[in-house]
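# Structural features, examined
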Amino acid sequence: MACKRVRTAVLISGRGTNLKSLIDACAVPDFPAEIALVISNVEGAGGLQFARDANIATKIIPHRPFPSREAFDAEIDGALHAANVTLVCEAGFMRIHSEWFVKRWEGRILNIHPSLLPKFPGVHVHEQVLAARETESGATVHFLITELDAGPIIAQRAVPVMASDTAETLAARVLDIEHMLYPEALRMVAEGNVTLQNGKAVFA
Ligand code: GRF
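What comes next concerns the included structure.

Reading the values: rules and limits
- Residues numbered from 1 in each chain as written.
- Predicted model: local features only at pLDDT ≥ 70, side-chain atom pairs only at ≥ 80, totals over all residues.
- Heavy atoms only, no water.
- Pairing = 2+ DSSP bridges.
- Helix = DSSP H or I, 4+ residues; strand = E, 2+ residues; numbered from the N terminus.
- Axes fitted to C-alpha atoms, helices over the stretch in contact; angles between N-to-C directions.
- 1 Å grid on protein atoms, 1.4 Å probe; cavity = no way out; pocket = protein on both sides within 12 Å on 5 of 7 lines; lining within 4 Å.
- Points joined across faces, edges and corners; volume = space filled by probe spheres on them.
- Nonpolar A, V, L, I, M, F, W, Y, C, P; charged D, E, K, R; others polar.
- Phe/Tyr/Trp six-rings, centres within 6.5 Å; stacked < 30°, edge-to-face > 60°.
- Buried < 20%, exposed > 50% of the residue type's maximum accessible area, 1.4 Å probe, protein only.
- Expected span 1.5 Å × (residues − 1).
- Bend = angle between axes of the 7 residues up to and from the residue.
- Polar contact = N/O pair within 3.5 Å; in protein donor to acceptor, adjacent residues only side chain to side chain.
- Contact = heavy atoms within 4.5 Å.

### Side note on the sheet that holds strand 4 (residues 87-90)
If you trace the seven strands from one edge of the open sheet to the other, you get 3-2-1-4-5-6-7, paired in mixed fashion. Edge positions in the sheet fall to strand 3 (58-60) and strand 7 (153-160), since each has one partner strand and no second. Adjacent strand axes in the sheet meet at a mean angle of 20°, parallel and antiparallel pairs treated alike. The pairing of strand 6 (residues 136-143) with strand 7 spans seven bridges and is antiparallel.

### Side note on the layout of surface pockets
The calculated volume of the largest pocket comes to roughly 1000 Å³. For the largest pocket, the lining is made up of 37 residues, of which Gly92, Met94, Ile112, His113 and Pro114 are closest to its centre. Within the residue set of the lining of the largest pocket, elements represented by two or more residues are helix 1 (17-26), strand 5 (109-113), helix 5 (125-131) and helix 6 (167-190). Ranked by the residues each element gives to the lining of the largest pocket, the list is headed by helix 6, at six residues. Taken together, the residues of the lining of the largest pocket break down into 16 nonpolar, 13 polar and eight charged.

### Section: the packing of aromatic side chains
In total, this model carries three aromatic pairs according to the counting rule given. Between the aromatic rings of phenylalanine 72 and phenylalanine 93, the centroid separation amounts to 6.4 Å while the plane-to-plane angle is 10°, which identifies the pairing as stacked. Within this pair, whereas phenylalanine 72 is found in helix 3 (residues 69-82), its partner phenylalanine 93 is found in the loop between strand 4 and helix 4 (99-104), the two being separated by 21 residues in sequence. Here phenylalanine 101 and tryptophan 105 contribute two aromatic rings whose centre-to-centre distance is 6.5 Å and whose plane-to-plane angle is 35°, an arrangement assigned as tilted. Exposure class is identical for phenylalanine 101 and tryptophan 105. Each is buried. Through a chain of ring-to-ring contacts, three or more aromatic side chains come together here, namely Phe66, Phe72 and Phe93.

### Structural notes on helix 6
If you check helix 6, its first and last C-alpha atoms are 33 Å apart, about what 24 residues at 1.5 Å a residue would give, namely 34 Å. The sharpest bend along helix 6 reaches about 25° and sits at glutamate 178. In the segment just after helix 6, glycine 192 is the residue with positive phi, at about 80°.

### Points about the side chain of aspartate 165
Mapped onto the elements of the fold, aspartate 165 is located in the loop between strand 7 and helix 6. Side chain to side chain, aspartate 165 and threonine 169 meet in a polar contact 2.7 Å long. At a separation of 2.7 Å, a polar atom in the side chain of aspartate 165 contacts the side chain of arginine 173. Apart from residues lying up to four places away in sequence, aspartate 165 is in contact with Leu130, Pro160, Leu170 and Arg173.

This is the structure in structure tokens:
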């Protein structure tokens, strides 16, 4: 018998390979979440095609016409509510949200970042990892908070950094891990096995 699955939206700005990994995970009948909506702020985002191929509703909300972060976020919030979504996964969504939006979705919005947070938040992660001569890097899924890439960690996995690595080869190795990690983290949150309580990730 089909079980009730947690309606989830994915926010993207680009190629959407993490979105694809979430779509594939949700295609398995006993997965506890379903992708109900994909929102992109970029009209030509490659990842939108993954959603269309899977018959998932898409909505393009360009950020530029909005006078403020709050106004843009209010439009996103409206779309999420209209789709009756409970969880949100950010997957390469290149906009910073207003505090209002983050608080509204607190504990129900996840982000993936291609480093072993709290190390290397922000952009140009792999270049920074190589410059720092790290011997390992990895990926992190965390609850979104107002501070960038600083939310309580839900799941994290490491990969080795090779002496021969370029930012591109390291990014590819980390991306493979991301594609496994994000569905695992979404499963944990959708099943209620990890929650955000008083600013901490609490595991059941
Ligand atoms: C990933 O490396 C993710 O960790 C970061 O942005 C990239 C998005 O890649 N936040 P994709 O669009 O999912 O392929």
